[in-house]
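Topology and contacts: notes
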Amino acid sequence: MNIRKLIAALAVAVLCLSLFAGCGYNPETVLTINGTPVKAGRYLYYQLDATFAAVDAYGDSTVTGADIFNVEIDGTPAREWIANSTLQSCKESVYIEQEFERLGLELDAFNEYYVEYQATSAWNSYSSFYMKNGISYETFLEMQKLPYKQSQLIQALYGADGEHAISQEDKQAYFEQNYTRIDYITFPTTDSNGYTLDSEKLAKIGEVAALMAQAKNEEELLALYLEHYADVLAQTGSSAEVNEESFEELYLTDTLVNTNSQGLDADFVAAVIATTDNAYHLFEKDGAYYLYRNIGLSSEDTEETYDLEIVTNMGLEPFEALMAEATAAFEVSADERAQKYYSLDKIKFS
């Protein structure tokens, strides 16, 4: 074989190898952050999450799917906005994992079980969507564990004997300012079939709620309920009875609430805590009416009972500030080829 044929044969071989390598290219790592490799699955998860966050931030229901990549969000091109958000989420996940390891923490058996149970339930519904976007169950499970790891980190850092322990005095003050007990009634906003009531019907329900809020005590409240609540049911199309038993089901008493209570409107809880006269009051927001009275904490309610929850709530803001400062200084090494390979244009929206 002469030299020209040899060179030509080598060129063909090199081309074939490069094509083969190109077809098999599937990088495991996309970024290295503060010395920790960020695997492709995690990167894809946060990129997908940032994309849907961009859709929400843009706030135009006509812009869906890949259309979001062609707009600007707060003056920033959406692709750049998503890239920045993805990177920050990756940084924060690295920070949480590294701090969790530094402090020698582990999720307890209950949290491990609970997270896996929740993740499995969600995966059964959305696995096809995630898998089409290159995200495995293992990655999905890792991402579900992170909020629990963050919560445990906060408890370790800001709890008793932690590096940034919150004083008992501050925790007690927080408890007294943010917790109370209430008696209350939530008035319906939907009809008996679950459809939202129109403004006219909601206003009529509001009139009944205002009448009932004039009660001076529970006996008067029951009497006003028996006299007027049928008008509320008429607006909803319900055939339920109005009697003492139905009042006891509707009127929730001695309920502990705090400024982070789940299932109750945050503005309602804030209004409750600000009211200390033990009288009945009416709160309304967007057509939803709440009749309530703040009865205050009992002698059995102590900060120690809710210490874990209080530390978590009080520690969240300083923890986020600590994390922001740390992640701002993280060194990031990006594999540009891998980022291009896992581009936004490969996202499957359905």
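The structure under discussion appears in the preceding block.
What you see is a predicted model, and the numbers here were worked out from it, not measured in a lab.

Turning next to the pairing of strand β7 (residues 281-285). Walk down a regular strand and you will see the side chains alternate between the two sheet faces. Strand direction decides the pairing type here: β7 and strand β8 (residues 288-294), joined by 5 bridges, are antiparallel. Bridge pairing links Glu284 to Tyr289 in β8. Between the end of β7 and the start of β8, which pair antiparallel, lie 2 residues, with Asp286 showing a positive phi angle near 50 degrees.

The strand order across the open sheet built from 4 strands is β6-β5-β8-β7, with neighbouring strands paired in antiparallel fashion. The strands lining the two open edges of the sheet, one partner per strand, are β6 (252-258) and β7. Ignoring strand direction, the axes of neighbouring strands in this sheet form an average angle of 40 degrees. For strand β5 (residues 179-186) and β8, the ladder comprises 5 bridges, and the chain directions are antiparallel. Note on β8: the bridge partner recorded for Asp183 is Arg293.

What follows concerns the environment of Met323. Structurally, Met323 is set in helix α11 (residues 307-328). Overall, Met323 belongs to the buried group, its relative accessible area being 5%. A sequence separation of 298 residues divides Met323 from Tyr25, and the C-alpha atoms of the two residues are 34 Å apart. Setting aside chain neighbours within four positions, we find Met323 in contact with Glu92, Tyr95, Ile96 and Gln150.

Bringing the packing of aromatic side chains into the picture now. Under the defined criterion, the tally for this structure stands at 28 aromatic pairs. Aromatic side chains Phe129 and Tyr130 sit 5.5 Å apart centroid to centroid with 65 degrees between the ring planes, which places their arrangement in the edge-to-face category. Its relative accessible area of 22% is what places Phe129 among the partly exposed residues. Seen from their ring centres, Tyr225 and Tyr229 are 4.8 Å apart, and the 35 degrees between their planes marks the pair as tilted. Here Tyr229 and Tyr225 lie together in helix α8 (residues 218-236), a separation of 4 residues that amounts to about one turn. Taking the relative accessible area as the measure of exposure, Tyr225 reaches 2% and is therefore buried. A relative accessible area of 6% places Tyr229 in the buried class. An aromatic cluster of at least three residues, connected via ring pairs, comprises Tyr45, Tyr46, Phe52, Phe69, Trp123, Phe129, Tyr130, Tyr137, Phe140 and Phe349. When the ring centre of Phe100 is taken as origin, the NZ or CZ atom of Lys149, which lies over that ring, is 5.4 Å away.

A word on the pattern of salt bridges. Counted under the stated rule, the structure contains 15 salt bridges. Among the ionic pairs, Glu163 bridges to Arg102, the shortest N-O distance being 3.0 Å. Within this pair, whereas Glu163 is found in the loop between α5 (137-158) and α6 (168-178), its partner Arg102 is found in helix α3 (residues 78-102), the two being separated by 61 residues in sequence. We classify Arg102 as partly exposed; its relative accessible area is 44%. Salt-bridge contacts for Asp307 lead to Lys171; the nearest nitrogen and oxygen are separated by 2.8 Å. Residue Asp307 is located in helix α11, and its partner Lys171 is located in helix α6; the two are separated by 136 residues in the primary sequence. Taking the relative accessible area as the measure of exposure, Asp307 reaches 22% and is therefore partly exposed. Given the relative accessible area of 4%, Lys171 is considered buried. Look at the salt bridges and you will find they share partners, linking Arg42, Glu97, Glu142 and Lys149 into a network.

A contiguous nonpolar patch, built from Phe110, Tyr113, Tyr114 and Tyr117 and spanning about 490 Å² of accessible area, is present on the exposed surface. In this structure Tyr117 comes out as partly exposed when scored by relative accessible area, which is 48%.

To continue, consider helix α10 (residues 266-274). Buried within α10 are the following residues: Phe268, Val269, Ala271, Val272 and Ile273. Tucked inside the fold, the buried residues of α10 contact α6, β5, β6, β7 and β8. Where α10 begins, the side chain of Asp265 points an oxygen toward the backbone nitrogen of Asp267, at a separation of 2.9 Å.

One can find Thr236 in helix α8. For Thr236, a relative accessible area of 7% puts it in the buried group. There is a polar contact of 2.9 Å between the side chain of Thr236 and the backbone oxygen of Leu233. Looking at Thr236, its side chain comes within polar contact range of the main-chain nitrogen of Ser238, at 3.3 Å.

A separate point is unusual backbone geometry. The backbone of Asp161 sits at a positive phi, close to 70 degrees, despite the residue not being glycine. Considering the arrangement of structural elements, one finds Asp161 in the loop between α5 and α6. Classification of Asp161 as exposed rests on a relative accessible area of 81%.

Parameters and conventions
- Residues numbered from 1 in each chain as written.
- Predicted model: local features only at pLDDT ≥ 70, side-chain atom pairs only at ≥ 80, totals over all residues.
- Heavy atoms only, no water.
- Pairing = 2+ DSSP bridges.
- Helix = DSSP H or I, 4+ residues; strand = E, 2+ residues; numbered from the N terminus.
- Axes fitted to C-alpha atoms, helices over the stretch in contact; angles between N-to-C directions.
- Buried < 20%, exposed > 50% of the residue type's maximum accessible area, 1.4 Å probe, protein only.
- Contact = heavy atoms within 4.5 Å.
- Phe/Tyr/Trp six-rings, centres within 6.5 Å; stacked < 30°, edge-to-face > 60°.
- Lys NZ or Arg CZ within 6 Å of the ring centre and 35° of its normal.
- Salt bridge = Lys/Arg side-chain N within 4 Å of Asp/Glu carboxyl O.
- Patch = residues over 30% accessible without salt bridge, like charges linked within 9 Å, V, L, I, M, F, W, Y side chains within 5 Å.
- Areas by Shrake-Rupley, 256 points an atom, 1.4 Å probe, with all protein chains shown as cover.
- Polar contact = N/O pair within 3.5 Å; in protein donor to acceptor, adjacent residues only side chain to side chain.

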